[in-house]
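Remarks on the overall topology
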Amino acid sequence: WLRKANEDVDTLNATNEMVQGVIRRRESEGIVATAVAEVGGRVREELRLGTVCTTTLPSKVKHTIKAHESDVNTVCFNIAGTMLATGSNDNTIKLWDSQTGSHKATLHGSMQAVMRVQISVDDVYVLGASNDKTTRLWTVEQGRVRHTLTGHTGKIYAGVFGPDSKKVITGSHDRTIKLWDHQSGQSHLFWA
């Protein structure tokens, strides 16, 4: 009886591995097709241990930007892909036109390195999470700080806008995640 049960388990495991392999191949085919369409690069296929790995490579660099006076820690595009934000150890965030590579604005206010940037869905705000234990929200149009979100006791390495850009979630070295009301700048919930 035990031998039969072990054989059944082995058969189920083998079937599960086969199904997972098919799922992974189908997912990767869709990702590759999307990447080829969006990047316009060339596709290279390699045979590794019996599986075909497809890689999409850009054919050339579009822009090289001397962005900051120190290390660049974070970059992000806006939803439309027309604006780029960069954050650095020089305590600044810079905004760029991603089509031309031209500098649009420098956002000041962080007292230490900027570790994470994100642009709101409506392109109105830029979020900057910093090693100074704060997250700031700047207005894109004026380049001024609208809110300084304080409450973490450690460096902030993660920060994102919620889907409607009215809430912000931050994650810190202090091992907490905080949910902030974008309009008031107040923390309503936190998880430790």
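Data block above holds the structure.
This structure is a prediction, so every number in the text was calculated from the model and none was measured.

1. With respect to the sheet that holds strand E7 (residues 114–119)
The four strands are arranged E7-E8-E9-E10 in an open sheet whose pairing can be described as antiparallel. Two strands lie at the open edges of the sheet, namely E7 and strand E10 (145–150), each paired on one side alone. Sheet twist, expressed as the mean angle between neighbouring strand axes with direction ignored, is 15 degrees. Examined bridge by bridge, strand E9 (residues 134–139) and E10 share five bridges and lie antiparallel to one another. When the bridges of E10 are listed, Thr134 appears paired with Thr150.

2. Comments concerning the pattern of salt bridges
The full count for this structure, using the stated rule, is one salt bridge. Put simply, Asp132 and Arg136 hold a salt bridge, and the shortest N to O gap is 2.9 Å. A relative accessible area of 14% places Asp132 in the buried class.

3. Description of the sheet that holds strand E6 (residues 103–107)
If you trace the four strands from one edge of the open sheet to the other, you get E3-E4-E5-E6, paired in antiparallel fashion. The outermost strands of the open sheet, each flanked by one partner alone, are strand E3 (72–77) and E6. Neighbouring strand axes in the sheet, compared pairwise and without regard to direction, differ in orientation by 20 degrees on average. Two elements, E3 and strand E4 (residues 83–88), share five bridges in a ladder whose sense is antiparallel. When the sheet's bridge partners are listed, Thr74 is paired in E4 with Gly87.

4. Observations regarding the nonpolar core
Residues Ala85, Ile93, Leu95, Leu107, Val117, Ile119 and Val126 are the most contacted members of the largest nonpolar core, which totals 13 residues. Broken down by element, this core gets its largest block of residues, three residues, from E7. Not counting residues up to four positions away in its chain, the partners in contact with Ile119 are Cys76, Phe77, Asn78, Met83, Leu84, Ala85, Tyr125, Val126 and Phe161. In this structure, Tyr125, Leu127, Phe161 and Trp180 belong to the second largest nonpolar core, which totals seven residues.

5. Focus on a nonpolar patch on the surface
A cluster of nonpolar side chains, contributed by Val160, Ile169 and Ile177, occupies part of the molecular surface with about 200 Å² of accessible area. Tracing the backbone shows Val160 in strand E11 (residues 156–161). Judged by its relative accessible area of 31%, Val160 falls in the partly exposed class.

Criteria and cut-off values
- Each chain has its residues counted from 1, running along the sequence as written.
- Under the rules for a predicted model, residues below a pLDDT of 70 receive no local features and side-chain atom pairs below 80 are neither given nor counted, while totals for whole chains, interfaces and linings still include all residues.
- Values shown for side chains rest on all heavy atoms present in the structure; no hydrogens or waters enter the calculation.
- By this definition, two strands are paired if DSSP reports at least two bridges between them.
- The secondary structure listing takes helices from DSSP runs of H or I that are at least 4 residues long and strands from runs of E that are at least 2 residues long, numbered from the N terminus.
- Angular values range over 0 to 180 degrees, each being the angle between N-to-C directions of two axes fitted as lines to C-alpha atoms, with helices fitted over their stretch in contact.
- The salt bridge definition used is simple: a Lys or Arg side-chain nitrogen within 4 Å of an Asp or Glu carboxyl oxygen.
- Between buried and exposed lies partly exposed: a residue is buried under 20% and exposed over 50% of the maximum accessible area for its type, with that area taken using a 1.4 Å probe on protein chains only.
- Buried residues of nine kinds, namely Ala, Val, Leu, Ile, Met, Phe, Trp, Tyr and Cys, make up a nonpolar core once their side-chain atoms join them within 4.5 Å.
- Contact between two residues is taken to exist if any of their heavy atoms lie within 4.5 Å; hydrogens are not considered.
- Two joining distances apply to patches: 9 Å for like charges and 5 Å for nonpolar side chains (Val, Leu, Ile, Met, Phe, Trp, Tyr), and every residue must have over 30% relative accessible area and no salt bridge.
- Method for areas: the Shrake-Rupley scheme with a 1.4 Å probe, in which residue coverage is limited to the protein chains shown.

Keep in mind these values describe shape, not function.
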